[in-house]
2 protein chains.
Amino acid sequence: MFVLDLKSGVPICDQIVNGFIKMKALGLISAGDQMPSVRSLALKFSVNPNTVQKAYAILESGGIIYSVKGRGSFVSDDESAHSAVLDRARSDFKAAVSAARDLGLGSLELNKIINDIYKEEEKC
Amino acid sequence: MFVLDLKSGVPICDQIVNGFIKMKALGLISAGDQMPSVRSLALKFSVNPNTVQKAYAILESGGIIYSVKGRGSFVSDDESAHSAVLDRARSDFKAAVSAARDLGLGSLELNKIINDIYKEEEKC
DNA sequence: CAAGTGTACTAAGTCACATAGTACACTTAG
DNA sequence: CTAAGTGTACTATGTGACTTAGTACACTTG
């Protein structure tokens, strides 16, 4: 399970959303798995249930999870939701590349940074 | 001169800061050049002078510009400030790469995105 | 001297975010 | 059936960042 950084300035509900999206991308949770209940996760994170509820609502609106009254929330198998996440990731990355280019970083350096980060992965 | 996007959610003062940093990186302004006055820039952007003043204070604290009472603000030639900007850019880009990797994007795709964006530049 | 400059300060308004508390409908285990 | 646990909805409140508004002062330059 991911952790929250209350000092980061990133809204808590967004951190929860991104945390579960990452978990799904990494295979730590899969379609059909039951999500922690709103109240239990709020307790675990020492956060208000309303904040978790908001995060779950965002995840559901994005098709990442679905919720059933009285039963709980579950990881969705919506393929279009997954590709939407990837599209968003590509878009964000493109913006990051453009920003780096505007500040004078060269393509070679950017490629090197990428390779360095992905080499870290191979070590595992 | 750059433009402001009031709908972006990015604080106006930050947009002004980033705008001038980009302008310096692109060579549109150089060390010694005089910055627009706080009041005139506020008028141009239809923004409160306090907001521009805040942006200039941030730029000065970062060594990007320096200000002289009664005369105006000027672009600094502080080399360490420039390298600090580059360091920040590298750090931001690394974070973007890590985020993209966590969401399942491969290094080959990221490299391709970079090359595509930098090819756009060559056309000019 | 007058105009333009940076700088500082208080006050107010707006907005997003988080918290607090309550309430209701539903499902499931007992 | 009952109780516990679930998602969901709602109002109210507090906080902090951001912006605006207005005023004021010290300084430089023509």
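Look a little higher up for the structure.
Residues numbered from 1 in each chain as written. Chains lettered and ligands numbered in written order. Predicted model: local features only at pLDDT ≥ 70, side-chain atom pairs only at ≥ 80, totals over all residues. Heavy atoms only, no water.

*Asks:* Quick rundown of the protein's contact with DNA strand D? Include the residues and the values.
*Replies:* Taken together, 25 residues sit near DNA strand D, with Arg39(A), Ile12(B), Asn48(B), Asn50(B) and Thr51(B) positioned nearest. The protein-proximal atoms of DNA strand D, defined as those within 4 Å of the protein, are 60% sugar or phosphate. In this structure, a phosphate oxygen belonging to DNA strand D sits 3.3 Å away from a side-chain N or O atom of Ser37(A). Asn50(B) is positioned with one of its side-chain polar atoms (N or O) 2.8 Å from a base nitrogen of DNA strand D. (Near = heavy atom within 4 Å. Polar contact = N/O pair within 3.5 Å; in protein donor to acceptor, adjacent residues only side chain to side chain.)

*Asks:* Quick one: what's the story with the pattern of salt bridges, residue by residue and with numbers?
*Replies:* As enumerated under the stated definition, the model contains 12 salt bridges over all chains in all. For Arg101(A), the salt bridge is made with Asp102(A), and the minimal N-O distance between the two is 3.7 Å. Looking at Arg101(A), the relative accessible area reads 24%, which means it is partly exposed. You can call Asp102(A) buried: its relative accessible area is 16%. Overlapping salt bridges, with partners in common, bring together Lys22(A), Arg101(B) and Asp102(B) in one network. (Salt bridge = Lys/Arg side-chain N within 4 Å of Asp/Glu carboxyl O. Buried < 20%, exposed > 50% of the residue type's maximum accessible area, 1.4 Å probe, protein only.)

*Asks:* If you had to explain helix H4 (residues 79–102) of chain A to someone new, which residues and values would you point to?
*Replies:* All names here are of chain A. Taking 1.5 Å as the rise per residue, H4 with 24 residues should run 34 Å; its terminal C-alpha atoms sit 35 Å apart, in good agreement. Turning to H4, its buried residues number three or more, namely Ala81, Val85, Leu86, Ala89, Phe93, Ala96, Val97, Ala100 and Asp102. Where H4 ends, the next residue or the one after it, glycine 104, has phi of about 100°, a positive value. (Helix = DSSP H or I, 4+ residues; strand = E, 2+ residues; numbered from the N terminus. Expected span 1.5 Å × (residues − 1).)

*Asks:* Tell me about the pairing of strand E2 (residues 72–75) of chain B, residues and numbers included.
*Replies:* All names here are of chain B. In terms of strand pairing, strand E1 (residues 65–68) meets E2 through 4 bridges, oriented antiparallel. In the sheet register, serine 67 faces E2, and the bridge partner there is serine 73. Linking E1 to E2, which pair antiparallel, is a turn of 3 residues; within it glycine 70 sits at a positive phi near 85°. (Pairing = 2+ DSSP bridges.)

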